[in-house]
Amino acid sequence: MHRSLFPTRKLPLAIVTLLAGVGSTAVAVAQPPVPATAQDSLRRDSTAQRLPGVTVTVTGERESLTRAPWAIGVVEKDALRGSQATVGLDEALAAIPGVFVGNRYNFALDQRVSIRGAGSRANFGVRGVVVLLDGIPQTLPDGQSQLSNVELATLSRVEVLRGSASSLHGNSAGGVLSFTTDLGASTAFEPSTRLEAGSFGMRKWQARVGGRSGRAVGALSLSRLTWDGFRPHSEADVRQLNAALDYATGPSTTLALRLNLGDVPTALNPGPLTAAEFAEDPSRAAENNILRGADKRVSQQQLSLRLRHDAASDSDWNWDASVFGLGRDLRNAIGSAPPPPRGPTNGTYITIDRVAAGARVSGGRRLGSTANAPQFIAGVQWQWMRDDRANYRATGGRPTAPTDTLLLDQRETVWSMGPFAQVTWSPLSPLTLSAGARHDRVRFAAADNFLSDGDDGGTRTLPAWSGHLGASYMVDAAFVPYVNVSTAFETPTTVELQGRADGGGGFSTELGPQRAATFEAGARGTLASGRLTYSMAAFRTRVTDAIVQYEETNGRAFYRNAGATDNDGVEVGLDASLHRALSLSAAYTWAHYRFGDYRVVSGDRTTVLDGNELPGVPSHFLRLGLRTRPTTKLSLDIDQTISSAVFADDANVVRVEGWGPGITRARASWATRLGGASVLPFAGVENLFDRDYVSTVVVNGFGGRVREPGPGRNWYVGMEIGR
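Residues numbered from 1 in each chain as written. Predicted model: local features only at pLDDT ≥ 70, side-chain atom pairs only at ≥ 80, totals over all residues. Heavy atoms only, no water.

**Digging into the environment of Ser234**
Right, so step 1: Along the chain, Ser234 turns up in the loop between strand S14 (216–227) and strand S15 (236–248).
Right, so step 2: Note: C-alpha distance between Ser234 and Ala294 (60 residues apart in sequence) is 9.7 Å.
Right, so step 3: Sequence-distant contacts of Ser234, defined by excluding residues within four places in its chain, comprise Trp227, Asp228, Gly229, Leu268 and Pro270.
Right, so step 4: Looking at Ser234, its side chain comes within polar contact range of the main-chain oxygen of Asp228, at 3.5 Å. (Helix = DSSP H or I, 4+ residues; strand = E, 2+ residues; numbered from the N terminus. Contact = heavy atoms within 4.5 Å. Polar contact = N/O pair within 3.5 Å; in protein donor to acceptor, adjacent residues only side chain to side chain.)

**Quick word on the sheet that holds strand S11 (residues 175–181)**
Right, so step 1: Pairing is mixed across the open sheet formed by 5 strands, whose spatial order is S3-S10-S11-S7-S8. Looking at the sheet topology across the chains shown, the edges are occupied by strand S3 (71–76) and strand S8 (136–137). (Pairing = 2+ DSSP bridges.)

**Some remarks on the pattern of salt bridges**
Right, so step 1: Summed over the entire model, instances satisfying the criterion amount to 43 salt bridges.
Right, so step 2: Among the ionic pairs, Arg665 bridges to Asp639, the shortest N-O distance being 3.3 Å. Taken as a pair, Arg665 in strand S37 (residues 663–670) and Asp639 in strand S34 (residues 634–643) lie far apart in primary sequence, 26 residues in all.
Right, so step 3: You can call Asp639 buried: its relative accessible area is 3%.
Right, so step 4: For Glu657, the salt bridge identified is with Arg707, shortest N-O distance 3.7 Å. Here Arg707 lies in strand S41 (residues 707–709) and Glu657 lies in the loop between strand S36 (655–656) and S37, a separation of 50 residues in the sequence.
Right, so step 5: Overall, the relative accessible area of 37% leaves Glu657 in the partly exposed class.
Right, so step 6: Judged by relative accessible area, Arg707 falls into the buried class, the value being 6%.
Right, so step 7: Sharing partners across several salt bridges, the network here consists of Asp78, Arg623, Arg627, Arg629, Asp637, Asp639, Arg665, Arg667 and Glu686. (Salt bridge = Lys/Arg side-chain N within 4 Å of Asp/Glu carboxyl O. Buried < 20%, exposed > 50% of the residue type's maximum accessible area, 1.4 Å probe, protein only.)

**Considerations on the pairing of S34**
Right, so step 1: With 8 bridges connecting them, strand S33 (residues 620–628) and S34 associate as antiparallel partners. Bridge pairing links Arg623 to Thr641 in S34.
Right, so step 2: Between S33 and S34, which follow one another and run antiparallel, lie 5 residues.
Right, so step 3: Judged from the 8 bridges that link them, S34 and S37 form a sheet pairing that is antiparallel.

**A few points about the pairing of strand S16 (residues 253–267)**
Right, so step 1: Among the 15 residues in S16, 12 count as buried, and that is most of the element.
Right, so step 2: Note: S15 against S16, 12 bridges, orientation antiparallel. Bridged to Asn242 within S16 is Asn260.
Right, so step 3: The turn joining S15 and S16, which pair antiparallel and follow one another in sequence, is formed by 4 residues.
Right, so step 4: Pairing between S16 and strand S17 (residues 295–309): 12 bridges, direction antiparallel. Each residue of the ladder has a partner; that of Asp263, found in S17, is Ser299.

**Concerning a nonpolar patch on the surface**
Right, so step 1: A cluster of nonpolar side chains, contributed by Tyr473, Val475, Phe479, Met536, Val570, Val572 and Trp590, occupies part of the molecular surface with about 560 Å² of accessible area.
Right, so step 2: Secondary-structure assignment places Trp590 in strand S30 (residues 582–597). (Patch = residues over 30% accessible without salt bridge, like charges linked within 9 Å, V, L, I, M, F, W, Y side chains within 5 Å. Areas by Shrake-Rupley, 256 points an atom, 1.4 Å probe, with all protein chains shown as cover.)

**Focus on the environment of Arg443**
Right, so step 1: Looking at the element boundaries, Arg443 is found in strand S22 (residues 431–448).
Right, so step 2: Taking C-alpha positions, Arg443 is 8.9 Å from Asp142, a pair spaced 301 residues apart along the chain.

**Considering the side chain of Asn260**
Right, so step 1: Turning to its location among the elements, Asn260 is positioned in strand S16.
Right, so step 2: Beyond its immediate chain neighbours, meaning those up to four positions away, Asn260 contacts Leu133, Asn149, Leu241, Asn242, Gln300, Gln301 and Gln302.

**Details of the packing of aromatic side chains**
Right, so step 1: Applying the stated rule across the entire model yields 10 aromatic pairs.
Right, so step 2: Centre to centre, the rings of Phe107 and Trp227 are 5.5 Å apart; their planes meet at 65°, and the pair counts as edge-to-face. Of the two residues, Phe107 is situated in the loop between strand S4 (99–102) and strand S5 (112–115) and Trp227 in strand S14; the sequence distance between them amounts to 120 residues.
Right, so step 3: The exposure class of Trp227 is buried, given its relative accessible area of 9%.
Right, so step 4: Linked through ring pairs, Tyr105, Phe107, Phe200, Trp227 and Phe230 together constitute an aromatic cluster. (Phe/Tyr/Trp six-rings, centres within 6.5 Å; stacked < 30°, edge-to-face > 60°.)

Here it is, written out as structure tokens:
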């Protein structure tokens, strides 16, 4: 049975009570202190492109964004929160080229995040992209990521690394999302409240308290989002508690403790639509999903501890050690029909009880006494996960009828180990060189507890090497070119391995990992006395044994390895100050993603799909943002997002129309003070011109059921009050 608000079965109650008490008087730091000059620069910068003084950690070490030989985007606190609704990642990542967030407006499935095509096939959650929160993995050893612990209204920044990065972060690192908790507290007690209301019954509240006392700084946030949805059968209730405590054990050492609790007692799934259904009424729900009661209920708890030492001298050792434990309970009714006998209300009911743990240890130092001596880092990462999975025949979304029997009962275990090493060197002052390597070994095991249909247990072990070479050269502040060559690998998840076409348990013996090699060249710089910053990148990624979803039947997906895909792309980001009160930002992506070698064999028939477009990712994606501040208190934002058409199937038969002139968002906020408190009323309108559009697609959806509609014109208003 699902446990509601913030269950703690898998965490000691004493720890939860202690953290809650500490959080009421002190609050959280996600990373060790940043030098004052860098902190000041970050506070001024609220966009995704500015370069001077920005330090990033998404590469596994602290380094200047200007000099990093990777494509990296940064979004700061004001752009993440401010007048945003803080409901979906599409708000936070739209300003970064190369990133496409498909908002399904379906809390049972989460948003689909794609970075240069990685993650585009995800049916739920985040796939192909590593997710970090304060340096702690939200990506499990099978490569599946969840966003249950991420509350946008508690963040100070997001760093996005685009490209193959398995040498840095292991499995599924086709890109990296790194979230950082707000460090903001400067006094002993800093409470704040954020309240929102909007269309479709949207209500959100957040209560947060932060503080600093002596060597300790921390934060405690409690939030709840409820939503009726713009389609039938789409209600959601999302509750989160995030607590963080950092304690400086010495001048160079920080102990960081994090507790994240998430509870979703309600998340109904309205399902995708056919072309005819969308044309008739884009706000309808799929009939099978209603009849079969498709929904998701989930609770998750994660506790982590991180100890980091930043040496005062370059000749001394820096080290970082972290450990985490996680529990997750999932109850998921899907529209997939069970084996016969069945009727219109018969679906499949999935339960997963998950326990996971992980640890990472790394250390490094400068290999020499000079400032340009190489910097060396090495370490090892370990992760383990155990899922107790059961599938049932269900009637109306629950296995309650006499004929609702057990279909599958198995324990799945995934274990991974990955030693790694990295060297950064500046043999010449303007030149930065980077090289790294990692070896991962991922082992899957299934123990079948449902033996009436035979023993479907088994094991799979999937090893992989990854590496990167990169260089950047600072010609001057206006032009910093870079190149890199990198590789990545991505194993199937337990869900993908378990999806056998014959419906049996155990793991598929035919589905293997996919591997990617990327060559990238780019440049970034600052012009016009800092009023214009830009970044641009061109890349080619060759993916072999690509994992593709070749069929989706009523919510159940099946996967195979295609021969190869060729992903070519160009990304351009721009941030311009047109006037002291007017700024413009732009992010454009051209994506030319194709199957290079793909044969589908069915009996005596072979279908050749070479040259077809990869489904689910638009070839052109543009976001333009205009911000004006006519006064120091008033801020007005207008965003225009344009997407070209996409194919929804490998055969490129189902083409889903683009967004035409685009979807318009307008936002406003007013920053003032009342009685010693800071007050920020804000408002926003989404889809200002009320266009019908498909926000994202279900890849290879059965019977052409692929369209996930976006809502018509809708609004929200809110207010944040703090000290």
